[in-house]
Amino acid sequence: MTDLLDQGSAWLEGQRKKHATRDVTYRRGAEAVVVKATIGRTVFEQDDGAGVIIRTQVRDYLIDAADLVLNGQHALPEKGDRIEETDAGKKFVYEVLPLGSEPHWRYSDPYRRTLRIHTKLIAMEEA
């Protein structure tokens, strides 16, 4: 029997990639690949133990897992990888970072098609 939820998820992923993405460069050392990414955000909250809630907002990139190919191999995000995005004549460089006890990426869907990668802005330059 066909899994209709799997088919629906694949269709939605195709629509996201077709209509809600921009090209970004994913870089690990000397290796780089241009991928289509949807921009998102995640807000983390942590109690500092003294009753103060610390909120951290990070920029997320949603990328088709099949598109993240480095050195001819499918890859998963690693701490220290970089994502470069050009917008309004500026180049923004984000680094993949773990946030406290939180992982630096996760699958964004139950079928493991989409990676949600948490990043932090580390540089901004003229494009």
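Refer to the structure presented above.
This report concerns the structure included in the present document. Bear in mind that the values here come from a model prediction, so they are computed numbers and not experimental data. (Residues numbered from 1 in each chain as written. Predicted model: local features only at pLDDT ≥ 70, side-chain atom pairs only at ≥ 80, totals over all residues. Heavy atoms only, no water.)

1. Some thoughts on the pattern of salt bridges
- Counting across every chain of the model gives 16 salt bridges.
- Among the salt bridges present, the one from E85 reaches R22, with a minimum N-O distance of 2.6 Å. You can see E85 sitting in strand β6 (residues 82-87) and its partner R22 sitting in strand β1 (residues 22-28), a full 63 residues away along the chain.
- Using a relative accessible area of 32% as the deciding quantity, one classes R22 as partly exposed.
- Put simply, R22, R59, E85 and D87 are held in one network by salt bridges that share partners. (Salt bridge = Lys/Arg side-chain N within 4 Å of Asp/Glu carboxyl O. Helix = DSSP H or I, 4+ residues; strand = E, 2+ residues; numbered from the N terminus. Buried < 20%, exposed > 50% of the residue type's maximum accessible area, 1.4 Å probe, protein only.)

2. Thoughts on the packing of aromatic side chains
- Scanning all chains against the criterion turns up 2 aromatic pairs.
- Aromatic side chains Y61 and Y94 sit 5.7 Å apart centroid to centroid with 70° between the ring planes, which places their arrangement in the edge-to-face category. Taken together, the residues Y61 in strand β3 (residues 53-64) and Y94 in strand β7 (residues 90-96) connect sequence positions 33 residues apart.
- You can call Y61 buried: its relative accessible area is 0%.
- For Y94, a relative accessible area of 8% puts it in the buried group.
- Aromatic pair W105 and Y107: ring centres 5.0 Å apart, planes at 90°, arrangement edge-to-face.
- Assessed through its relative accessible area of 18%, W105 is described here as buried. (Phe/Tyr/Trp six-rings, centres within 6.5 Å; stacked < 30°, edge-to-face > 60°.)

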